[in-house]
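Structure at a glance
Each chain, written out:
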Amino acid sequence: MTRARRFPPSPALDALRFAEPLRGSGRDALAALPGLLAHPREALAIGWAWLTGKRVRARNRAAALLGAHPRLRPRPVAGAPAARAAAPAGHGPVILCPEGHCLAEGAAAAVAEAFAGDPGLRALYGDALVLGPGDRPLLPLLRPAFDPDFLLAVDYVGPVVALRDPVRGEAGDDVPALLLRLHDRHGPGAVRHLPRVLSLWRPFAAASGDASRQARRALARARAPEAGIETGPCGVLTLRRPLPEPPLVSLIVPTRDRLDLLRTCLDSLRARTDWPGLDIIVCDNDSREPETLAYLRALEEAGAARVLPCPGPFNFAAMNNRAAGIARGRLLGFVNNDVEAFRPDWLRRMAEEALRPEVGAVGAKLLDAVGRVQHGGIVLGTGGLVTHAHRHFPGDAPGYLHRLAATHRVAAVTAACLVVEARKFAEVGGFDEAAFAVDFNDVDLCLRLDRAGYRTLIVPGAVLHHREAASRRWTPEAARRHAAEVASLRARWGAALAADPWYHPAFDPQAPTYTRLRPAPGAGPR
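Residues numbered from 1 in each chain as written. Predicted model: local features only at pLDDT ≥ 70, side-chain atom pairs only at ≥ 80, totals over all residues. Heavy atoms only, no water.

1. Observations regarding the overall build of the protein chain
For the protein chain, the count of helices and strands is 14 helices and 20 strands. Counting every position in the protein chain, which comprises 526 residues, the buried fraction comes to 54%. Looking at the protein chain alone, contacts between residues at least 24 apart form 75% of all its contacts between residues at least 6 apart. A total accessible area of about 22,400 Å² is found for the protein chain, and carbon and sulfur atoms account for 55% of it. (Helix = DSSP H or I, 4+ residues; strand = E, 2+ residues; numbered from the N terminus. Buried < 20%, exposed > 50% of the residue type's maximum accessible area, 1.4 Å probe, protein only. Contact = heavy atoms within 4.5 Å. Areas by Shrake-Rupley, 256 points an atom, 1.4 Å probe, with all protein chains shown as cover.)

Next up, the structure:
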């Protein structure tokens, strides 16, 4: 984004407000100076990494120290000569382009090519460039693949769409309803995204009303009539699905000593979880400290938790699999011992999604020790392999396209806090404890669930604290094991790692997520 500014006060522009500045969020070089001066050794390491050509390391360390702050500088895009033509001449797809929008140069040809190459394609949308006063490039809208859950929360697609057939009248003026109908009728591949700028948007020049927000609420009611609807900041909608009989949930917590972490974790789960039935299982991996052993005995004697001995070398996946095998709950909740609950509704929000037949793994938004985002889903292909979305963003940031506020689909979520139905977990064979004993077992699980037909969701309304890797130790043996797991992930999921449909290829994979652009590689519909 270039210099952040506020958009006109119209509900029709809700989808753009993620780019408006947070209070006190200015981050120029002067604003960063106090953070650098307060940590001179880390500042020197960042500078040295940059000067020696290790730019990825420098950017990541700077984000960890100062927080992540987008620097999305869009390139100018020319408008098509027939700027507001609704459809190309002759036979071909119909392009809907309302007032305030115009097609980008070459858009019509790109759309026609996409439809010609995919007979099953019924509707196509692309990216947009938001223009400020004087047609200055202001904001790129780089959209993910089609996601019905996300579309119910935020109109991230926008009004410029291309249709194979003139079926506009079926849904009136409501593009989201039309796309969802096509998706339901023709299957998941019917509505696709073309990752290139197809339109220009001039929000400062076109008047608009509040019909879009009303239409989205009506659409959400029609899609899930039994659900409650919460309206958050910037009009983001959250569907609260009813749970007439909340099932038993087994919360599985691996540990080895570190009573300071374990006690905080378990106390928070028991005191700050609004759920009627919990089956807490502590996987004890050879704890030796007398205080820890006494605490574990006290838990069992009080009936507060079951303790499952898991002796031997640390194998996170195997420990969780063993616990899942004795779990009594319909839902499994995998929770690291360095996670702390502080909002009582976290499990209810995750369970509402995990119990849907089509949903597999469900993740939460996790905040680090200073209140910044530690996890907002997992992105494939970034940072050399995978990384957490929106890492180091402010804890109250809406995220790019409101993705830190809206429930949406992602490639994977961390097992630091992951909820899944026990039968779905068993159906795909649980965690792969042979190939991914410690790292990437969550990514592999989510991708196997996806392959089995279950989508992975991140629920940002479920928020917990996570002191990431506070109980891990990095040794030469751990480094060798990690390298083997990296190789296994690439061998098994290389194609998926190269093309995450829920993250745009125009974002720089060598920078923290959603912070820098690169020239977009040529890519077809996804």
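On we go from here.
2. A word on the packing of aromatic side chains
Enumeration over the complete set of coordinates arrives at 14 aromatic pairs. Centroid distance F18 to Y400: 5.0 Å. Interplanar angle 70°. Geometry classified as edge-to-face. Taken as a pair, F18 in the segment before α1 (29–38) and Y400 in the loop between β17 (386–388) and β18 (408–409) lie far apart in primary sequence, 382 residues in all. With respect to burial, F18 and Y400 carry one shared label: buried. Pairwise contacts between aromatic rings join F18, Y400, Y503, F507 and Y514 into one cluster. Lying across the ring of F150, R403 places its NZ or CZ 4.9 Å from the centre. (Phe/Tyr/Trp six-rings, centres within 6.5 Å; stacked < 30°, edge-to-face > 60°. Lys NZ or Arg CZ within 6 Å of the ring centre and 35° of its normal.)

3. As for the environment of F425
Of note, F425 is situated in helix α12 (residues 422–427). Along the backbone, F425 and L332 are 93 residues apart, and their C-alpha atoms lie at a distance of 8.4 Å. Apart from residues no more than four positions distant in its own chain, F425 is found in contact with N321, A324, L332, F334, V420, G430, F431 and L445.

4. Let's talk about helix α13 (residues 441–451)
For α13, a buried count of 9 out of 11 residues is recorded, marking the element as mostly surrounded by other parts of the structure. Among the residues of α13, N441, D442, V443, D444, L445, C446, L447, R448 and L449 are the ones counted as buried. Remark: G453 follows α13 within two positions and exhibits a positive phi of approximately 105°.

5. Focus on the environment of G524
Considering the arrangement of structural elements, one finds G524 in the segment after α14 (476–498). When the C-alpha atoms of G524 and P195 are compared, they prove to be 7.2 Å apart, with 329 residues separating the residues in sequence. Residues contacting G524, with those up to four places away along its chain left out, are H193, L194 and P195.

6. Structural notes on unusual backbone geometry
For H390, which is not a glycine, the phi torsion comes out positive at approximately 60°. Residue position: H390 is located in the loop between β17 and β18. Look at Y514: it is not a glycine, yet its phi comes out positive at around 65°. The exposure class assigned to Y514 is buried, which follows from its relative accessible area of 4%.

7. A word on the pairing of strand β4 (residues 137–141)
In terms of burial, β4 is largely enclosed, as 5 of its 5 residues are buried. Note that strand β3 (residues 123–131) and β4 share 4 bridges and pair antiparallel. Note on β4: the bridge partner recorded for A128 is L141. Taken together, β3 and the strand that follows it, β4, pair antiparallel across an intervening segment of 5 residues, in which G134 is found at a positive phi of about 75°. (Pairing = 2+ DSSP bridges.)

8. Looking at helix α9 (residues 290–302)
For α9, spanning 13 residues, the distance from its first C-alpha to its last is 18 Å, which sits close to the expected 18 Å at 1.5 Å a residue. Listed as buried for α9 are T292, Y295, L296 and L299. With its buried residues spanning 100° around the axis, α9 presents them on a single face. Away from the buried face of α9 by more than 90 degrees, exposed residues P290 and E301 are located. In this structure, the buried residues of α9 make contact with α8 (259–271), β10 (278–284) and β11 (306–309). G303, located one to two residues past α9, shows a positive phi value of around 70°. (Expected span 1.5 Å × (residues − 1). Arc of directions from axis to C-beta.)

9. Focus: the pattern of salt bridges
Applying the stated criterion across every chain yields a total of 33 salt bridges. We note a salt bridge from E230 to R240, for which the minimum N-O separation is 3.1 Å. One end of the pair, E230, is in strand β7 (residues 228–231); the other, R240, is in strand β8 (residues 237–240), and 10 residues separate them in sequence. Taking the shortest distance from any N to any O, the salt bridge between E352 and R240 comes out at 2.8 Å. (Salt bridge = Lys/Arg side-chain N within 4 Å of Asp/Glu carboxyl O.)

10. Let's talk about the packing of α13 against α14
The interhelical angle for the contact between α13 and α14, taken along N-to-C directions, is 25°, at an axis separation of 11 Å. Classed by the angle they form, the pair α13 and α14 counts as roughly parallel. Seen along the crossing, α13 lies across α14 with a hand that is left-handed. Listed contacts from α14 to V443, D444, L447, R448 and R451 of α13 are L489, R492 and W493. Grouping the amino acids of the contact of α13 with α14 by side-chain chemistry returns 4 nonpolar, no polar and 4 charged. (Axes fitted to C-alpha atoms, helices over the stretch in contact; angles between N-to-C directions. Parallel < 35°, antiparallel > 145°, perpendicular 65-115°, else oblique. Left-handed = near helix turned anticlockwise from the far one by under 90°. Nonpolar A, V, L, I, M, F, W, Y, C, P; charged D, E, K, R; others polar.)

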